[in-house]
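# Summary of the model geometry
The primary structure of each chain is shown beneath.
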Amino acid sequence: MDNESTATRPRWKRDVVLFLSGQTISLFGSMLVQYAVMWHITLETKSGVALALAAVFGFLPQAVVSIFGGVWADRLNRKALIIAADATIAASTLALALLMLNGVTDLWLIFIALAIRSTGAGIQLPAVSALIPQITPTEHLMRVNGVNGSIQSAMALLAPAAAGALYATASLTAIFFVDVVTAAIGIGFLLLIAVPTIRNVAAEGAGYFTDLVEGVRYIAHHAFVRWLLVLFGVVFLLTVAPSYLTPLMVARTFGDEVWKLTVLEIAFSVGMVLGGLVIAVWGGTKNKIVMIVASSVLFGVLSVALGLSTNLWVFFAFMFLVGLAVPFFSTPSMTLLQETVEPERQGRVFGFVGIVMAVAMPIGMVVFGPLADQFTVESLLVAAGILMFLVIAVATLVPAGRRAMRAAHAATHPATDPAPEPPTR
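Before going further, it helps to examine the overall build of the protein chain. In terms of regular secondary structure, the protein chain is built from 16 helices and zero strands. Considering only C-alpha atoms, the protein chain reaches an extent of 60 × 50 × 40 Å along its principal axes. Residues counted as buried form 52% of the 425 residues belonging to the protein chain. A sequence separation of at least 24 residues applies to 86% of the contacts in the protein chain between residues at least 6 apart. For the protein chain, the accessible surface area stands at approximately 18400 Å², while carbon and sulfur atoms represent 72% of it. For the protein chain, the centre of its 23 positive side-chain charges and the centre of its 22 negative side-chain charges are spaced 6 Å apart.

Moving on to the packing of aromatic side chains. A ring pair, where both rings are aromatic, is described by two values, the distance of the centres and the angle of the planes. Summed over all chains, the structure comprises nine aromatic pairs. Arranged with centres 5.2 Å apart and planes meeting at 10°, the rings of F57 and F111 form a pair that is stacked. A residue pair is termed long-range when its members are at least 10 positions apart, and F57 in helix 2 (residues 48–75) and F111 in helix 4 (residues 107–135) qualify at 54 residues. Seen in terms of ring centroids, W282 and F328 are 6.3 Å apart; in terms of plane orientation they differ by 40°. Their pairing is tilted. Of the two residues, W282 is situated in helix 11 (residues 258–282) and F328 in helix 13 (residues 312–340); the sequence distance between them amounts to 46 residues. Cluster of aromatic residues (ring-pair linked, three or more members): F232, F236, F299 and F329.

This paragraph deals with the nonpolar core. Within the largest apolar cluster, 60 residues are counted, with the highest numbers of intra-cluster contacts made by W227, F315 and L337. Tallying contributions element by element places helix 9 (residues 223–243) first for this core, with twelve residues.

This part is about the pattern of salt bridges. When charged atoms on two side chains of opposite charge get close, those side chains can pair. The full count for this structure, using the stated rule, is ten salt bridges. In this structure, R117 and D179 form a salt bridge, with 2.8 Å as the shortest nitrogen-oxygen distance. Highlighted residues: R117 in helix 4 and D179 in helix 6 (residues 172–191), separated in sequence by 62 residues. One exposure class covers both R117 and D179, and it is buried.

Let us look at empty space enclosed by the protein. Enumeration over the complete set of coordinates arrives at five cavities of 30 Å³ or more. Within this model, the largest cavity holds a volume of roughly 80 Å³. Lining the largest cavity are L238, T239, P242, S243, T246, F299, L302, S303, L306, M319, V322 and L381. Looking at the lining of the largest cavity, the elements with two or more residues in it are helix 9, helix 12 (288–308) and helix 13. For the lining of the largest cavity, a count of residues per class yields eight nonpolar, four polar and no charged.

This paragraph deals with the packing of helix 10 (residues 246–254) against helix 15 (residues 377–397). Packing of helix 10 against helix 15 leaves a shortest axis separation of 9 Å and a crossing angle of 140°. Put simply, helix 10 runs oblique to helix 15. Residues T246, L248, M249, R252 and T253 of helix 10 pack against V377, E378 and L381 of helix 15. Considered class by class, the residues forming the contact of helix 10 with helix 15 number four nonpolar, two polar and two charged.

Locating K288 in the fold gives a position in helix 12. Reaching out from K288, the side chain makes a polar contact with the side chain of E339 at a distance of 3.4 Å. Other than its neighbours up to four places away in sequence, K288 contacts M142, P332, T335, L336 and E339.

When you line up the elements, D211 lands in helix 8 (residues 208–221). Its relative accessible area of 4% is what places D211 among the buried residues. Here the side chain of D211 touches R75 through a polar contact of 2.7 Å, side chain to side chain.

This part takes up the confidence of the model for the protein chain. Per-residue pLDDT for the protein chain averages 84, and the proportion of residues at 70 or more is 90%. In the model of the protein chain, helix 7 (residues 201–204) stands out as the element of lowest mean pLDDT, 56, in contrast to helix 6, which has the highest, 94. In this model, residues 416–425 is a region of pLDDT below 50 whose contacts with residues beyond four sequence positions or in other chains number 20 contacts.

Attention now moves to the packing of helix 4 against helix 14 (residues 346–371). At a closest axis distance of 8 Å, the pairing of helix 4 and helix 14 adopts a crossing angle of 135°. Taken together, the axes of helix 4 and helix 14 are oblique relative to one another. Two packed elements cross with a definite hand, and for helix 4 against helix 14 that hand is right-handed. Along the contact surface, helix 4 presents P126, S129, A130 and P133, while helix 14 presents Q346, G347, F350 and G351. Of the residues that constitute the contact of helix 4 with helix 14, the class distribution is four nonpolar, four polar and no charged.

Below, the discussion takes up helix 8. Between its first and last C-alpha, helix 8 extends 20 Å over 14 residues, near the 20 Å set by a 1.5 Å rise per residue. Taken together, the buried positions of helix 8 are Y208, D211, L212, G215, Y218 and I219. The arc enclosing the buried residues of helix 8, seen along the axis, measures out at 125°, which places them on a common side. Turned more than 90 degrees away from the buried face of helix 8 sit F209, T210, R217 and H221, all of them exposed.

Let us now look at helix 9. When the terminal C-alpha atoms of helix 9 are compared, their 29 Å separation across 21 residues agrees well with the 30 Å that a helix rising 1.5 Å per residue should span. At F236, helix 9 shows its maximal bend, which comes to roughly 35°. With 15 of its 21 residues buried, helix 9 lies for the most part within the structure.

Take G233: it is sitting in helix 9. Taking relative accessible area as the criterion, G233 reaches 11% and is therefore assigned buried. Residues within four places of G233 in sequence aside, it is in contact with V356 and A360.

Rules used throughout
- Residues numbered from 1 in each chain as written.
- Predicted model: local features only at pLDDT ≥ 70, side-chain atom pairs only at ≥ 80, totals over all residues.
- Heavy atoms only, no water.
- Helix = DSSP H or I, 4+ residues; strand = E, 2+ residues; numbered from the N terminus.
- Buried < 20%, exposed > 50% of the residue type's maximum accessible area, 1.4 Å probe, protein only.
- Contact = heavy atoms within 4.5 Å.
- Areas by Shrake-Rupley, 256 points an atom, 1.4 Å probe, with all protein chains shown as cover.
- Lys, Arg positive; Asp, Glu negative; His and termini not counted.
- Charge placed at Lys NZ, Arg CZ, Asp CG, Glu CD.
- Phe/Tyr/Trp six-rings, centres within 6.5 Å; stacked < 30°, edge-to-face > 60°.
- Core = buried A, V, L, I, M, F, W, Y, C linked by side-chain atoms within 4.5 Å.
- Salt bridge = Lys/Arg side-chain N within 4 Å of Asp/Glu carboxyl O.
- 1 Å grid on protein atoms, 1.4 Å probe; cavity = no way out; pocket = protein on both sides within 12 Å on 5 of 7 lines; lining within 4 Å.
- Points joined across faces, edges and corners; volume = space filled by probe spheres on them.
- Nonpolar A, V, L, I, M, F, W, Y, C, P; charged D, E, K, R; others polar.
- Axes fitted to C-alpha atoms, helices over the stretch in contact; angles between N-to-C directions.
- Parallel < 35°, antiparallel > 145°, perpendicular 65-115°, else oblique.
- Polar contact = N/O pair within 3.5 Å; in protein donor to acceptor, adjacent residues only side chain to side chain.
- pLDDT = per-residue confidence, 0-100.
- Left-handed = near helix turned anticlockwise from the far one by under 90°.
- Expected span 1.5 Å × (residues − 1).
- Arc of directions from axis to C-beta.
- Bend = angle between axes of the 7 residues up to and from the residue.

This is the structure we're talking about:
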């Protein structure tokens, strides 16, 4: 692996601080728009179809574009890609704000802006994931990813409150202007960082579709990457999707008071923030596979525990633990990909990660959503937890899974360090 080391990048702390600071400011503005637009559509239309269309325009383009964005992240300068995507998103938001100020408030304009923003995210996110190991020494990747995860969790906690305050006291267009300013600040921070292009595409003579096909083949034949992508998909299907039904369980079982739903979201978000901080300070275990498998098993345990909860505050406590466990899965997973995948292929790999995350959760909701109208949410959570146990057992016990975990260990540890047996339940 040719990831940066402390010796080759002595100013890495400055660069990482600048990059994460700029991305945090930009992310805050984007999340303000995300919440405000959904509330605006809800209040103005009171239509489930309109909300469904907003979700399609807001997520489907990202899923489609991510694979192409991953190729671009490997062929082009990642810093330039992030700046271009941020600038395009900000420009579309500014155009929508100006149109609305002039009385043009057609819903289709909001959908178009959502689609442009989603397309920009599909280009930006693989570049961001691949740029972090480019500016961070390998030995510090886990901590930096932990800090980044905590920041994103904190934004998920703060942004809804800020969006609500701005939407109530100002207007939707005011939030759009805030997003434009935060994007400009994020771009300004990024301009201060020197980020070289990984590959000389012109010298290699490789075509775009050649790179795309090569990336697909790489993932298909890379045992660990394939194993982890499948596990990502399963976690989003069996843990993330059912967790979206927990507000419905609270309303049905414990009462539909707003404060109960609010505490539920806060408990989960606070858990994620604290989990990310623990990873950032501690750095995780030496064997990241253990963290990934253990946290996946814990997701199953907590899903069953949520389904069996009969006390509201015990339920909140388990949701806090779910949030706490998330960074112990996501951070080592992303770090292992950054450590095991060659820098010139990371964009394409993270593009596929984005596709898995953008597609698996909606598929899970298509399955669990209708089932929640036929069965109790409690029974679905218990069933999802049991299925999670079965999946982890298969992933760690079948020969292909064990080979994948051994390959990941060999790629991230010296040859003199014997690989331990993969963990089993």
